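# Per-entry structural report
Below are the chains, spelled out letter by letter.
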Amino acid sequence: MATLGNPRNTIAVLQKYNFNFQKKFGQNFLIDTRILEEIIEAAQITKEDFVLEIGPGIGTMTQYLCEAAREVAAVEIDANLIPILKDTLSEYDNVEVIHQDILKVDINALAQSKNQGRPIKVVANLPYYITTPIIMGLFESHVPIDSITIMVQKEVADRMQEGPGSKDYGALSLAVQYYAKPEIVVNVPPSCFMPQPKVGSAVIRLTRHSEPPVQVEDEKLMFSVIRASFNQRRKTLANGLNNYPGISLSKELIQESILELGVPVNIRGEALSLEQFAQLSNIISRKL
Ligand code: SAM
């Protein structure tokens, strides 16, 4: 039975092992059963599923995942948590704890060996300092993914959902929306964690598109165009593209491409939709 999602049992485990929180690993453990249940429900886990959990901590959410899923792999970087996880997960025979930095794990190989390459579900209360590299790594490495249900900083969750015109719209919004449909599940106040973080959090579910929502000839080029456009937010799109080392087009050809898109030549990148970035990168790709 899942037993850890409350302050009393969490403190008992921490004291038993004399555990010290490590700030550098972004350790804020969940202590609210309601939020844990909402995460499991939002992730729509069934007994058919293989779930990858990133950063299990003392195993609070892992216990819930073990009960809901067929099999779980939990990747934890902190050596001090490994003996604790052995203890808190001793009741379950469908979990493997992997002591590793998630950024160094070959997730494709893991999905292949644990789920025969079929789409996996990822669930995590993420260490906030590596939220973006983890999400981008999962998408860009083309790991077979069904959905990613994650707790992130509230601001980052908002950014993932934004469109043109918002100050929070940026490269992360476009990348997430190219690969998946983002939906905020629940906002989570600092009081649901131990220790309490300084910022608000939110659980967001990213459901992988079966087909990309836009037609792109060269995905890598589109992401270079996007990065170039948001690299210097105050500059025009033309200047951003002109100053970006990854794009070797003359100023004239850049201006010509922007006009071909049917927008003013002095437009800023933040005004373009995903569809327009896709079109622009297709136009540029033919001129390279
Ligand atoms: N899942 C637990 C919970 O909800 O209570 C803990 C969440 S805590 C916010 C983040 C966890 O990720 C910590 O256990 C931390 O040690 C682990 N972590 C941090 N960086 C990591 C990395 N690069 N790879 C794997 N785990 C990491």
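Note: the structure precedes this text.
Before going further, it helps to spend a moment on the site of the ligand. The local shell around the ligand holds 23 residues, among which Leu30, Gly55, Glu76, Asp101 and Asn125 are the closest. At 3.5 Å from a nitrogen atom of the ligand is found a main-chain nitrogen or oxygen belonging to proline 56. Contacts to the ligand include tyrosine 129, whose side-chain N or O atom sits 3.0 Å from a nitrogen atom. Against a free-state accessible area of 600 Å², the protein chains account for coverage of 99% of the ligand. Among the elements of the structure, strand S1 (29-30) and strand S3 (71-76) are those that each provide at least two residues to the shell around the ligand. Looking at side-chain class alone, the shell around the ligand contains 12 nonpolar, 7 polar and 4 charged residues.

Here we come to the packing of aromatic side chains. Taken as a whole and assessed by the stated rule, the structure comprises 9 aromatic pairs. Judged by centre distance (5.7 Å) and plane angle (80°), the ring pair of tyrosine 178 and phenylalanine 223 falls under edge-to-face. Of the two residues, tyrosine 178 sits in helix H8 (residues 171-179) while phenylalanine 223 sits in helix H9 (residues 219-231), which places them 45 residues apart along the sequence. Residue classification places phenylalanine 223 among the buried positions, given a relative accessible area of 6%. Counting every residue linked through ring pairs, the aromatic cluster contains Phe139, Tyr178, Tyr179 and Phe223.

The next point concerns empty space enclosed by the protein. Scanning the entire structure with this criterion turns up 1 cavity of 30 Å³ or more. What the largest cavity holds in volume is close to 360 Å³. Those elements that provide at least two residues to the lining of the largest cavity are S1, strand S2 (50-54), helix H3 (60-68) and S3. The residue inventory of the lining of the largest cavity, partitioned by class, reads 18 nonpolar, 9 polar and 3 charged.

For the largest pocket, the calculated volume is near 310 Å³. Looking at the largest pocket, it is lined by 14 residues, and the ones nearest its centre are Lys23, Gly26, Gln27, Asn28 and Pro197. For the lining of the largest pocket, the residue count by class is 7 nonpolar, 5 polar and 2 charged. Computed from the structure, the second largest pocket encloses a volume of approximately 250 Å³.

The rules behind each value
- Residues numbered from 1 in each chain as written.
- Predicted model: local features only at pLDDT ≥ 70, side-chain atom pairs only at ≥ 80, totals over all residues.
- Heavy atoms only, no water.
- Near = heavy atom within 4 Å.
- Polar contact = N/O pair within 3.5 Å; in protein donor to acceptor, adjacent residues only side chain to side chain.
- Areas by Shrake-Rupley, 256 points an atom, 1.4 Å probe, with all protein chains shown as cover.
- Helix = DSSP H or I, 4+ residues; strand = E, 2+ residues; numbered from the N terminus.
- Nonpolar A, V, L, I, M, F, W, Y, C, P; charged D, E, K, R; others polar.
- Phe/Tyr/Trp six-rings, centres within 6.5 Å; stacked < 30°, edge-to-face > 60°.
- Buried < 20%, exposed > 50% of the residue type's maximum accessible area, 1.4 Å probe, protein only.
- 1 Å grid on protein atoms, 1.4 Å probe; cavity = no way out; pocket = protein on both sides within 12 Å on 5 of 7 lines; lining within 4 Å.
- Points joined across faces, edges and corners; volume = space filled by probe spheres on them.

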